Amino acid sequence: MMNNAQPTLAQLAEALGAELRLAAGASGEQVPTGLNTLQDAAKSEVSFLASANYRRFLTTTKACAVLVSADDVESCPGTALIVPNPYLAFAMATAIYDRTPTPAPGIDPSATIHGSAEVAAGACIGPGAVIEAHAKIGQGAIVGSGCVVGEGSEIGARSRLFPNVVIYHGCFIGADCTVHSNTVIGADGFGFAPAQGQWTKIHQLGGVEIADEVEIGSCTCIDRGALGNTVIGRGVKIDNMVQIAHNVQIGDYSAMAACSAVAGSAVIGKHCTIAGGAGIVGHVTIADRSHVTARTLVTKSIEEAGSYSSGVPFMESRSWRRNAVRYGQLDQMARRLKALESALKQQGQAEE
């Protein structure tokens, strides 16, 4: 089921809190068909200018209207939707034009619901889904086809699990959350005790606690706690293929990009951003409003907000190979430099 209602330009402006400045011959009653980039927009589509890098496309765009700031409106030859923050307005507009199918409430006959599970009347349980004992599915929640909600787990109101999501036992997902396909929440954390050349499993006795308004991409893994819960705060956004280990805590409204990973018991503060491919070792704390850039390895706690980086930027391969050899010589070079400084100091003292 889709919502196919589309607003006129005037209605769109009102919904976005935009000032509508019509071009000559344009009408606020025109009904745009969707959104697109400045360079690719058709005459029936709305576009936006959120970066100076794309300003060169503004004068030639075919879009029927463009979301622009007051600073750029004079450069817009066509109809303008003037807003303080075009990128935010674009994000709001995507909700209006989103055509992701929404299934009707109800339980598909092929789903398996344990007798002790609680499924709200307004929830949707898709084909082949499994809801295990004592699980709870909230009002308006959607459990997609092939999903599994484990024993005692809870899915909050209006949250959506896309197909083939697996929620292990004893996990809690709040309201208005989205979990994309093939993500696993609540698998065992990586805990093993070494002894006599063998590994003894540390059974993971905690769960996973996810607050409201969290979105989790596809193929992401959030491990259950060893003791206590792994905790994801309100409004956190997690990209595809992210690994979050046992007992990690992520503060409210932080975001993690694809292929980043956090080791056990690390604590990430509120409003932090972890860029793609970054790694965070276990048992460290990252201060609120910290930004970790792509491919950075965080090996100790970050105590003050700021931007943090590590790693080597790319370079021509031949230069990189030479520099890689020199990395191994840094300790020797540092010792030689220290000895040279000491010798020069002694020489200066002798001359005095």
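Going by the structure above, here's the rest.
Just so it is clear, the model here is predicted, and its values are computed rather than measured.

1. Some points on the sheet that holds strand β16 (residues 166–167)
- Read across the sheet, 10 strands follow the order β7-β10-β13-β16-β19-β24-β27-β30-β33-β36 without closing on themselves; strand pairing throughout is parallel. For this open sheet the edge positions go to β7 (112–113) and β36 (297–298), each flanked by a neighbour on one side alone.
- With 2 bridges joining them, strand β27 (residues 243–244) and strand β30 (residues 261–262) adopt parallel strand pairing. When the bridges of β30 are listed, Gln243 appears paired with Ala261.

2. Regarding the pairing of strand β20 (residues 192–195)
- Looking at chain direction, β20 and strand β21 (residues 198–201) are connected through 4 bridges and run antiparallel. Within β21, the residue paired with Pro194 across the bridge is Trp199.
- Linking β20 to β21, which pair antiparallel, is a turn of 2 residues; within it Gln196 sits at a positive phi near 55°.

3. Focus on the packing of helix α1 (residues 9–16) against helix α2 (residues 86–97)
- Contact pair α1 / α2: the axes reach a minimum separation of 10 Å and the direction vectors enclose 125°. Considering the angle they form, α1 stands oblique to α2. When you trace α1 past α2, the crossing you get is right-handed. On the side of α1, the interface is formed by Leu12, Ala15 and Leu16, while α2 contributes Ala89, Met92, Ala93, Ile96 and Tyr97.
- Of the residues that constitute the contact of α1 with α2, the class distribution is 8 nonpolar, no polar and no charged.

4. Section: the pattern of salt bridges
- Following the criterion strictly, the structure yields 6 salt bridges and no others.
- Linking Arg158 and Asp176 is a salt bridge whose minimum nitrogen-to-oxygen distance equals 2.7 Å. Of this pair, Arg158 sits in the loop between β14 (154–155) and β15 (160–161) while Asp176 is found in the loop between β17 (171–173) and β18 (178–179), placing the two residues 18 residues apart along the sequence.
- With a closest N to O distance of 3.5 Å, Arg234 and Asp212 form a salt bridge. Pair noted here: Arg234 is in the loop between β25 (230–232) and β26 (237–238) and Asp212 is in the loop between β22 (208–210) and β23 (215–216), with a separation of 22 residues, a long-range link.
- The network of salt bridges with common partners includes Asp212, Glu213 and Arg234.

5. Some thoughts on a nonpolar patch on the surface
- On the surface, Val312, Trp320, Tyr327, Leu330 and Met333 cluster together to form a nonpolar patch covering roughly 500 Å² of accessible area.
- Elements supplying a minimum of two residues to the nonpolar patch: α3 (317–327) and α4 (330–351).
- Mapping Leu330 onto the fold places it in helix α4.
- On the accessibility criterion, Leu330 (49% relative accessible area) is partly exposed.

6. With respect to the nonpolar core
- One finds Leu161, Ile185 and Ile210 to be the most contacted residues of the largest nonpolar core, which totals 47 residues.
- Among the elements of the structure, β17 and β22 are those that each provide at least two residues to this core.
- Not counting residues up to four positions away in its chain, the partners in contact with Ile185 are Val166, Ile167, Tyr168, Cys171, Ile173, Val179, Val208, Ile210, Ile216 and Ile222.

7. Here we look at the sheet that holds strand β28 (residues 249–250)
- Taken in spatial order, the 9 strands line up as β8-β11-β14-β17-β22-β25-β28-β31-β34 in an open sheet, and their pairing is parallel. Two strands close off the open sheet at either side, each with one partner strand: β8 (118–119) and β34 (285–286).
- As defined by bridge partners, β28 adjoins strand β31 (residues 267–268) across 2 bridges and the pair is classed as parallel. Of the residues in β31, the one forming a bridge with Ile250 is Ile268.

8. Focus on the packing of aromatic side chains
- Across all of its chains, the model carries 5 aromatic pairs by this definition.
- Between Phe48 and Phe90, the ring centres sit 4.0 Å apart and the planes meet at 20°, which makes this aromatic pair stacked. One end of the pair, Phe48, is in strand β3 (residues 45–48); the other, Phe90, is in helix α2, with 42 residues separating them in the sequence.

9. Some thoughts on α1
- If you check which residues of α1 are buried, you get Leu9, Leu12, Ala13 and Leu16. When α1 is viewed along its axis, its buried side chains cluster within an angular range of 100° and face the same direction.
- Elements in contact with the buried residues of α1: β1 (19–21), β3, β4 (65–68), β5 (80–82) and α2.
- Where α1 ends, the next residue or the one after it, Gly17, has phi of about 65°, a positive value.

10. Quick word on the pairing of β4
- Side chains Ala65 and Leu67 of β4 all project onto a buried face; the interleaved residues Val66 and Val68 project onto the opposite face, where all are buried too.
- The pairing of β3 with β4 spans 3 bridges and is parallel. The partner of Val46 across the bridge, within β4, is Ala65.
- As paired elements, β4 and β5 share 3 bridges and run parallel to each other. Within β5, the position partnered with Val68 by the bridge is Ile82.

11. Describing α2
- Over its 12 residues, α2 extends 16 Å from the first C-alpha to the last, a length consistent with the 16 Å expected when each residue adds 1.5 Å.
- Turning to α2, its buried residues number three or more, namely Pro86, Ala89, Ala93 and Tyr97. Down the axis of α2, the sector holding all buried residues measures 75°, keeping them to one side. With respect to the buried face of α2, the exposed residues turned more than 90 degrees away are Tyr87 and Ala95.
- Contact partners of the buried residues in α2: α1, β2 (34–35), β3 and β4.
- Among the residues of α2, the N-terminal cap falls to Asn85, whose side-chain oxygen and the backbone nitrogen of Tyr87 are separated by 3.2 Å.

Parameters and conventions
Residues numbered from 1 in each chain as written. Predicted model: local features only at pLDDT ≥ 70, side-chain atom pairs only at ≥ 80, totals over all residues. Heavy atoms only, no water. Pairing = 2+ DSSP bridges. Helix = DSSP H or I, 4+ residues; strand = E, 2+ residues; numbered from the N terminus. Axes fitted to C-alpha atoms, helices over the stretch in contact; angles between N-to-C directions. Parallel < 35°, antiparallel > 145°, perpendicular 65-115°, else oblique. Left-handed = near helix turned anticlockwise from the far one by under 90°. Contact = heavy atoms within 4.5 Å. Nonpolar A, V, L, I, M, F, W, Y, C, P; charged D, E, K, R; others polar. Salt bridge = Lys/Arg side-chain N within 4 Å of Asp/Glu carboxyl O. Patch = residues over 30% accessible without salt bridge, like charges linked within 9 Å, V, L, I, M, F, W, Y side chains within 5 Å. Areas by Shrake-Rupley, 256 points an atom, 1.4 Å probe, with all protein chains shown as cover. Buried < 20%, exposed > 50% of the residue type's maximum accessible area, 1.4 Å probe, protein only. Core = buried A, V, L, I, M, F, W, Y, C linked by side-chain atoms within 4.5 Å. Phe/Tyr/Trp six-rings, centres within 6.5 Å; stacked < 30°, edge-to-face > 60°. Arc of directions from axis to C-beta. Expected span 1.5 Å × (residues − 1). Polar contact = N/O pair within 3.5 Å; in protein donor to acceptor, adjacent residues only side chain to side chain.

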